[in-house]
Amino acid sequence: MTAALLRSISAETVYRGTPPGTQDITATTFATLTGLSFTLTKIRSDTKLIVDLTATAYVSGTSGHLAIIAVRIAAADYPVAEMILNTASAHTPITGHAEITGVAAGTYTVSLRARNDVGSRTTRVDAGDRFTVNIRETWA
């Protein structure tokens, strides 16, 4: 391995979770998805976080809206993935990527959060859905 490769990743956290029950997201502001949180330890303040998320969700009732999923770190929401949900009751894959800077070193509880682009729609997650989050700390 080269020195550059050894410096490229300082820490990695992988989380896999399933919602403990049915949860409806009806708001246009981020709401915490209950039971979907984990601990992240960031080693250095001068690094960035690379977040990759894969999840599923579905629309209950009227379809055709954008569902947005974020990670909450240090009291800030960082949108990671979004998907238009067009088919009612069909668990739809949602994937996304984000690069986050400005988070100080420390240990954080990371919560998964979600919102809709319009308030008249309902995004739903339940025990049939899966969430996988990979967070890598890398040099900026």
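Going by the structure above, here's the rest.
These numbers were taken from a predicted model, which means no experiment stands behind them.

### What to know about unusual backbone geometry
In the Ramachandran plot, Ala74 falls in the positive-phi region, its phi being about 55 degrees despite a non-glycine side chain. By the secondary structure assignment, Ala74 is in the loop between strand S5 (65-73) and strand S6 (76-85). Owing to a relative accessible area of 47%, Ala74 belongs among the partly exposed residues under this scheme. Despite not being glycine, Ser89 has its phi angle at roughly 65 degrees, a positive value. In this structure, Ser89 sits in the loop between S6 and strand S7 (92-100).

### What about the pairing of strand S10 (residues 131-139)?
The pairing of strand S1 (residues 11-17) with S10 spans seven bridges and is classified as antiparallel. By the bridge assignment for S10, Glu12 is matched with Arg136. Relative to S10, strand S4 (residues 47-59) is paired through nine bridges, and the arrangement is antiparallel. When the bridges of S10 are listed, Thr47 appears paired with Trp139.

### Regarding the pattern of salt bridges
Counted by the stated rule, this structure contains six salt bridges. Asp24 is paired through a salt bridge with Arg124; the nearest N and O atoms lie 2.5 Å apart. Taken together, the residues span a long stretch of sequence, with Asp24 in strand S2 (residues 23-25) and Arg124 in strand S9 (residues 123-125) at a distance of 100 residues. Take Asp24: its relative accessible area is 44%, and that puts it in the partly exposed class. Taking relative accessible area as the criterion, Arg124 reaches 22% and is therefore assigned partly exposed. One salt bridge in this structure joins Asp46 and Arg44, with 2.7 Å as the shortest N-O distance. Bridged by salt links that share partners, the residues Arg72, Asp77 and Arg113 form one connected network.

### Remarks on the nonpolar core
One finds Leu33, Leu53, Val71, Ile73, Leu112, Phe131 and Val133 to be the most contacted residues of the largest nonpolar core, which totals 28 residues. In terms of residues, this core owes the most to one element, S4, which gives five residues. If we ignore the near neighbours within four places in the chain, the residues touching Leu112 are Tyr15, Ala31, Thr32, Leu33, Leu36, Leu53, Ala70, Val71, Phe131 and Val133.

The rules we used
- Residues numbered from 1 in each chain as written.
- Predicted model: local features only at pLDDT ≥ 70, side-chain atom pairs only at ≥ 80, totals over all residues.
- Heavy atoms only, no water.
- Helix = DSSP H or I, 4+ residues; strand = E, 2+ residues; numbered from the N terminus.
- Buried < 20%, exposed > 50% of the residue type's maximum accessible area, 1.4 Å probe, protein only.
- Pairing = 2+ DSSP bridges.
- Salt bridge = Lys/Arg side-chain N within 4 Å of Asp/Glu carboxyl O.
- Core = buried A, V, L, I, M, F, W, Y, C linked by side-chain atoms within 4.5 Å.
- Contact = heavy atoms within 4.5 Å.

These results come straight from atomic positions and should not be treated as a statement about function.
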